[in-house]
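Residues per chain are reported as follows:
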Amino acid sequence: QKEVEQDPGPLSVPEGAIVSLNCTYSNSAFQYFMWYRQYSRKGPELLMYTYSSGNKEDGRFTAQVDKSSKYISLFIRDSQPSDSATYLCAMSSVRGLIFGTGTLLAVQP
Amino acid sequence: DGGITQSPKYLFRKEGQNVTLSCEQNLNHDAMYWYRQDPGQGLRLIYYSQIVNDFQKGDIAEGYSVSREKKESFPLTVTSAQKNPTAFYLCASSRGTGGNTIYFGEGSWLTVV
């Protein structure tokens, strides 16, 4: 079993839709959770950073962590074509970050 | 501008040849990392270094080598022993390990021909 599981998609939604991206993990020691956005042929860029359980909001983006269920989510409101990218969840370990496989999102105009 | 610079962006290599990918950062970060990205497999850790003159193997270190002689530099050599080297390689850095945010370079595309 992989330490971090993420649905690879692809996920296609119309402009303006609410998008929900999810990851599950198996290591209960993970405490820091991140979401990265990666455009095609580019390096990933940090989108959201959360510590332990709870919600964090930043503009149209909300990150949610449920440690009891070992489940994290990223919500995108009013999605835009410019949000089309691969979204990677990541969790911290002493060796750096453990990444999910990424979900490819396409927002159709 | 502060950041992580990887070079070259695109590289072609013949089978049996070693190739070195450059990574330089001016963020004054202690920790540096090399990841490999393949379609459908996410990012996999090759090597990481928490401090100058020290580095550790990641999950897929076989066929790769690194050095950390300077804080700002962490070159990766893809040797001929790497059986499937064609991939997108990403260098990253952070202030430390554990919960510190990792920042990435723009990546290097290696194709073996």
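For clarity, every value in this text was computed on a predicted model and none was experimentally measured.

Observations regarding the environment of Y64 of chain B
Residues and elements named next belong to chain B. Locating Y64 in the fold gives a position in strand β7 (residues 64–66). Separated by 26 residues in the primary sequence, Y64 and D38 have C-alpha atoms spaced 16 Å apart. With near-sequence residues (within four places) excluded, Y64 lies in contact with R36, I46, Y47, L76, T77, V78, T79, Q82 and Y89. Separated by 2.8 Å, the side chains of Y64 and R36 make a polar contact.

Considerations on the interface of chain B and chain A
In this assembly, 26 residues from chain B lie in contact with 20 residues from chain A. The contact between chain B and chain A buries some 1800 Å² in all, and 53% of this surface belongs to carbon and sulfur atoms. Notably, a salt bridge pairs K42 of chain A with E106 of chain B, separated by 3.7 Å at the nearest N-O pair. The interface formed by chain B and chain A includes four residue pairs in polar contact (both at pLDDT 80 or more). A per-element tally of the side of chain B that touches chain A places strand β5 (residues 42–51) of chain B first, with five residues. Class assignment for the residues of the side of chain B that touches chain A results in eleven nonpolar, twelve polar and three charged.

Regarding the side chain of R68 of chain B
All names here are of chain B. For R68, the location among the structural elements is in the loop between β7 and β8 (76–78). Here R68 occupies a buried position and makes no salt bridge, while the nearest side chain of opposite charge, D30, is found at 6.0 Å. From its side chain, R68 meets the backbone oxygen of D30 in a polar contact 2.9 Å long. There is a polar contact of 2.8 Å between the side chain of R68 and the side chain of S49.

Rules used in this analysis
Residues numbered from 1 in each chain as written. Chains lettered and ligands numbered in written order. Predicted model: local features only at pLDDT ≥ 70, side-chain atom pairs only at ≥ 80, totals over all residues. Heavy atoms only, no water. Helix = DSSP H or I, 4+ residues; strand = E, 2+ residues; numbered from the N terminus. Contact = heavy atoms within 4.5 Å. Polar contact = N/O pair within 3.5 Å; in protein donor to acceptor, adjacent residues only side chain to side chain. Buried area = accessible area lost by both parts, 1.4 Å probe. Salt bridge = Lys/Arg side-chain N within 4 Å of Asp/Glu carboxyl O. Nonpolar A, V, L, I, M, F, W, Y, C, P; charged D, E, K, R; others polar. Buried < 20%, exposed > 50% of the residue type's maximum accessible area, 1.4 Å probe, protein only. Lys, Arg positive; Asp, Glu negative; His and termini not counted.

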